Structure formats: C-alpha cells, structure tokens
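Examining the three-dimensional arrangement
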Amino acid sequence: MKNSPVLILMLSAMLLLGACASGTNSNPTNTLPAPQVLVSADTQPATQPAPTETIPAATVTQSTPSTQTNPGIAIPEPENRTHYQLNLILNYYTQYAVVDETITWTNRSSQTFTELAVVVPPKYYPGSFSLRSLTDGSGSPISGWQEDGVRFTIPLLAPLAPGETTSLKFSYQLNLPAHEGTYGVSGRQTNLTHWYPYIPPYEEGKGWIIHPQQLENAMLVGEYMVTETSDFDVSLQLTDRQELIEVAASAPAEEKNGVRHYHLELARGFSFSVSDSYFEHEIVQDGVRIHSYVFMESQEAGKAVTEIAAQALKLFGELYYPYPREMLTIVAADFLHNMEMDGMVMISYGVFDFYNKTPKTNLTILTPHEISHQWFYSMVGNDQALEPWLDEALATYHEVLFYQRYHPDLVQWWWNNRVDGFAPKGYVNSDIYISGGYPAYRDAVYLRGAEFLQQLRDLIGDEAFFAALKDYALTNTYQIASREDFFAAVARHSQADLNPLLSKYFRN
Ligand SMILES: [Zn+2]
C-alpha cells in the first residue's frame, strides 16, 4: 500500500518512539524542554485523534485473582548467583533518596580476586550519587577504592578464592536528576532503573564486561549495560505524602508497616517508576497479573494495553515458554522512547496519546516489542552494547509475528511502515558505537535485523526457524548469549547454507 502523508508522519513518530532507547538527552545538567515542545510537528500525525474522554477518577479494576500457579520453566537455575539487598528510602517530592545496599557475590571463576569491579550507573549524572560508606559484609570499612567514571575498583580485605563468597555494603544518597528517561525525574514521574551499584559479569580471558554508554548528538544510542541473572530483595519506604503516590515495580509488593517489600529472583535488574499521577488497570491471564499505570488522558489506552499485552504473553508463551513471573508491569513513560526492564516495560506517553483504538497504531506495534524483551533481554541475556541485534532484531521481528497471529491483514502494512519505508542500510551485527548515531543504529540493528530474520525464515522454512528460536531461548535462558549461540541453535535445526545471507547482513 502507498504511504499516505498521515502514515508517513506516523512513521516519523514511530522512528522516534519505536526504539528501546532513543531520542533522549542523557546529560542531566541539560534538562529537556517540556514534552509538548519535544513532540515537534513532524512527529505528530496530521490528524490527531480526539482527546480521550475524561473518565472519573480511576481505581484499579481487578478481575478475580486466579488461583493458577505459574508453570515456570524447567531450566536449571544458575547456582551461587549474585544477590542484591536494596533498602531504599525515597522522598518523591524532593527527589532525594538514601539507599543501603548489600551485594553478595560468589567467585564462580577459576581466578582468585583481590579486588572487584563495580559499575555505578548513576555516576553518569554529575552529583547524583554520593557514597556515604563502604564496608564488607561484617561491617569492616573498605578504603582505597578507585573510581573511573562509572567503574569502581574495590579492594577486598582478603583474597577471594574460587568458590568463595563475599559481601559489599554500600550506603549512599541519590539526588535524582531532572532527566526524562529511565533514571531521573520528569514533571509527572520518577524513574529508578540502573539506580544502584552492580557487579558486572566476569568472563575468563576477557575480564569484567563493562562498556561505556554511547552518546551521539546528545542522544543516547542503545543500552550499554551487561548484567547477569541475579536475585533481588528490595524495600521501599516513601517519606512524604505516600498516600498520594503509586509505585510501579518489577515485582508485586508486600506492604508491612508502611514499607513495601519486593522479592524478584532470576532477574537482571530491579526497577521502579513512581508517580502521584497514575491511573491503573489490571487483568489476570493464566495466573499472570498484567498491570498498567498511565496518565489521566490515556485511561482508555491503559486498558487496551493490558489486552494487547495478554495477547503478546500468550503468543510468546507458545513460541518459547510461559512468562515466568507473577506480574507484568506496563508504565506510561513521561518521555519519548520505550524501554524494557525485568518484569516491567515503559512505553512512551506519546504512544498512548495517539492510540486510535485500532490495531493500526503504535501501541499495537510497540507493546509486543517491549514484552518480547522479557524473553530476549531478561531471560536470555546478551551483550547489549556489542551485540544488540540479539535482543533488538528479535524484538522487532516479534512485532510482525504478533501481527501475523492476531492481525494478518496488517502484516504488509507493518513491513511497509516499520521497515521498507526507511530503506534501511547497515550490518545487523553493528554495535551501539556505530557511526551515524541512533538512526544508523536503528536501521542496521532493528530494521535490517527484522529483514534478516525474515530471510532466514524463508530460507530454512517455518518449522526449522521456530524450532531454532525456541532452542536458542531454552539453551540460553539465564545466560549471556552470543552470535555463536544463536547460529549454533539454527544449525541444530537446518543444514542450509547461511553464507550468502550472512555476507549480505553481517560484518565478518
Ligand atoms: Zn527493543
């Protein structure tokens, strides 16, 4: 179908909105202009949908809780994984927090360590992170650590032999930056993702896996963090007017004496999104609570998104394995990009605002994308900086798998508007440091990535293709997968010669 001007404009909006990380200025000292300025004319459909009707103050619409238990996954869980205890006290109105954190880490390598590397992502925001004390598990002070940007090198009080376990206790303050993104404060929301020090993966022969973030033209390109499957016990205490505040999180809360407690196992991180402006909706499907938090103008879309999410969970559950958590949290982001976290996704308010009640809309395209990251990012990890295609090409391709399942008449529309209209160029296995910044990154990794997956499917056939994807998911859950793991899974299901395809789409 030919692109109408409206579609082309929607397409531009999608470009801005269709990424897991795009379009934000990550410089915290450079506060972004108000959202209405950011949504420039060329990102708005020419005919804007009528404003959603104002619905009287919302309450949680909760269907009867299901008694079904989550089927879980029959995959061996990694042993001796890292444990994070995070006790957070947050004043939402002053944007100030204090945190006590204990990391318990077991040396699973064959080396003896005399120091550990720790990544402190808030250090990218000047003045945001202030360390008050650092001790070992018994409370003995540790001194002489070195800081290099976000990387801390922390000497251990005693060498840590293979198989031994140690703990680090951090006490720190966070001054949350004015930053419309997954860490920081906007007009309507405070987001805490990658808000605490973490120990990066250690690979024999390579060392600690730490990459710098990538900024090009003051825009963040992709995600730089590589994280291991770990366990989290988190508490949150709000200190001011907590009766007004709603907390979206990676896991359901148990509240005791005004403190929320969370437990999340086998995850790569723990996120919060806090606001006094949320309207909530929840449905339960197959024992999973699907809970949305949106702003007032998007209440209808806030209900629709839970239905789209339910369809997505069903599809990906069939393709791979059932969503393994008790709850999936969907949050309207008060910024213009989308992002996946463990147990939670954030979708731009712009996507909600332009929901047109049909499947021909960004909400239907991007919700399955973000939810598929619960499998490819959260369960099956990858090096997001160096091999981002392993989660982003798959997430983009999951969009069209969603249309094939639920809206087959719109599959060609999806290809025209999401991929072909951009005539994308670049190598699928580009990293986040690609020259050309975000647009080049998106074209190569997301769009060419989707083209590549379709051509791979055409070459080896549906049966082998879906068997290979499932095999890749099952064999790499809880791991950090690589290109070799992906193609090894393909090779277990097809003898086809992939070389012509690889030379077309991949560097090397
Ligand atoms: Zn994505």
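Residues numbered from 1 in each chain as written. Predicted model: local features only at pLDDT ≥ 70, side-chain atom pairs only at ≥ 80, totals over all residues.

With respect to the overall build of the protein chain
Per the secondary structure count, the protein chain includes 11 helices and 25 strands. Counting every position in the protein chain, which comprises 508 residues, the buried fraction comes to 46%. (Helix = DSSP H or I, 4+ residues; strand = E, 2+ residues; numbered from the N terminus. Buried ≥ 20, exposed ≤ 12 C-beta atoms within 10 Å, placed from the backbone.)

Remarks on the pairing of strand S7 (residues 165-175)
Bridge count for strand S2 (residues 96-106) against S7 is 11 bridges, and the pairing is antiparallel. By the bridge assignment for S7, tyrosine 96 is matched with asparagine 175. Two elements, strand S4 (residues 129-136) and S7, share 7 bridges in a ladder whose sense is antiparallel. Across the sheet, residue phenylalanine 129 finds its bridge partner in S7, namely leucine 174. (Pairing = 2+ DSSP bridges.)

Some thoughts on the confidence of the model for the protein chain
Summing up the model confidence of the protein chain, the mean pLDDT is 88 and the portion of residues at 70 or higher is 86%. Contacts of residues 1-19 to residues separated by more than four positions or lying in other chains number 45 contacts, the stretch itself having pLDDT below 50. Overall, residues 21-71 carries pLDDT values under 50, and its contacts beyond four positions in sequence, including any with other chains, amount to 92 contacts. (pLDDT = per-residue confidence, 0-100. Contact = placed C-beta atoms within 7 Å.)

Some thoughts on the nonpolar core
Within the largest apolar cluster, 130 residues are counted, with the highest numbers of intra-cluster contacts made by Ala309, Ile347, Phe352, Leu363 and Ala393. The residues touching alanine 309, leaving out its near neighbours within four places in the chain, are Ile290, Leu328, Ile330, Thr367 and Ile371. (Core = buried A, V, L, I, M, F, W, Y, C linked by C-beta atoms within 7 Å.)

Looking at the environment of glutamine 455
Note that glutamine 455 resides in helix H8 (residues 437-460). Its 15 C-beta neighbours within 10 Å are what place glutamine 455 among the partly exposed residues. Once the C-alpha coordinates of glutamine 455 and leucine 501 are considered, the two residues, 46 residues apart in sequence, prove to be 7.7 Å apart.

A few points about the sheet that holds strand S19 (residues 279-285)
Across the sheet, 5 strands lie side by side as S19-S20-S21-S23-S22; this open sheet has mixed pairing. Single-partner strands in this sheet number two, and they are S19 and strand S22 (339-341). Across the sheet, the mean angle separating the axes of adjacent strands is 15° when strand polarity is ignored. As paired strands, strand S20 (residues 288-294) and strand S21 (residues 327-333) are joined by 5 bridges and run parallel to one another. Each bridged residue has a counterpart across the sheet, and for histidine 291 the counterpart in S21 is threonine 329. (Axes fitted to C-alpha atoms, helices over the stretch in contact; angles between N-to-C directions.)

Concerning helix H10 (residues 483-491)
By the burial criterion, the buried members of H10 are Phe486, Ala489 and Val490. Burial along H10 is one-sided: seen end-on, the buried residues are contained in an arc of 100°. Exposed residues lying more than 90 degrees from the buried face of H10 are Glu484 and Ala491. (Arc of directions from axis to C-beta.)

Here we look at the environment of glutamate 300
Considering the arrangement of structural elements, one finds glutamate 300 in helix H3 (residues 299-319). On the basis of neighbour count, glutamate 300 is assigned to the partly exposed category, with 16 C-beta atoms found within 10 Å. As a C-alpha pair, glutamate 300 and lysine 357 span 57 residues in sequence and 8.9 Å in three-dimensional space.

A look at the sheet that holds strand S14 (residues 230-238)
Read from one edge of the open sheet, 7 strands run S4-S7-S2-S1-S14-S17-S16, paired in mixed fashion. A strand with exactly one partner marks an edge of an open sheet, and here the two such strands are S4 and strand S16 (254-256). Neighbour-to-neighbour, the strand axes of this sheet turn through a mean angle of 15°, independent of strand direction.

Thoughts on unusual backbone geometry
Its identity is not glycine, yet asparagine 217 carries a phi of approximately 50°, on the positive side. Tracing the backbone through its elements, the reader meets asparagine 217 in the loop between strand S12 (215-216) and strand S13 (219-220). For asparagine 217, a count of 10 C-beta atoms within 10 Å puts it in the exposed group. Phi is positive for leucine 266, which is not a glycine, with a value near 55°. Tracing the backbone shows leucine 266 in strand S17 (residues 259-267).

Some details on the packing of H3 against helix H6 (residues 389-406)
The N-to-C vectors of H3 and H6 enclose an angle of 100°; their axes lie 11 Å apart at closest approach. When the axis of H3 is compared with that of H6, the two are roughly perpendicular. Packed against H3, whose contacting residues are Gln311, Ala312 and Leu315, the element H6 presents Leu401, Phe402, Arg405 and Tyr406 at the interface. Considered class by class, the residues forming the contact of H3 with H6 number 5 nonpolar, 1 polar and 1 charged. (Parallel < 35°, antiparallel > 145°, perpendicular 65-115°, else oblique. Nonpolar A, V, L, I, M, F, W, Y, C, P; charged D, E, K, R; others polar.)

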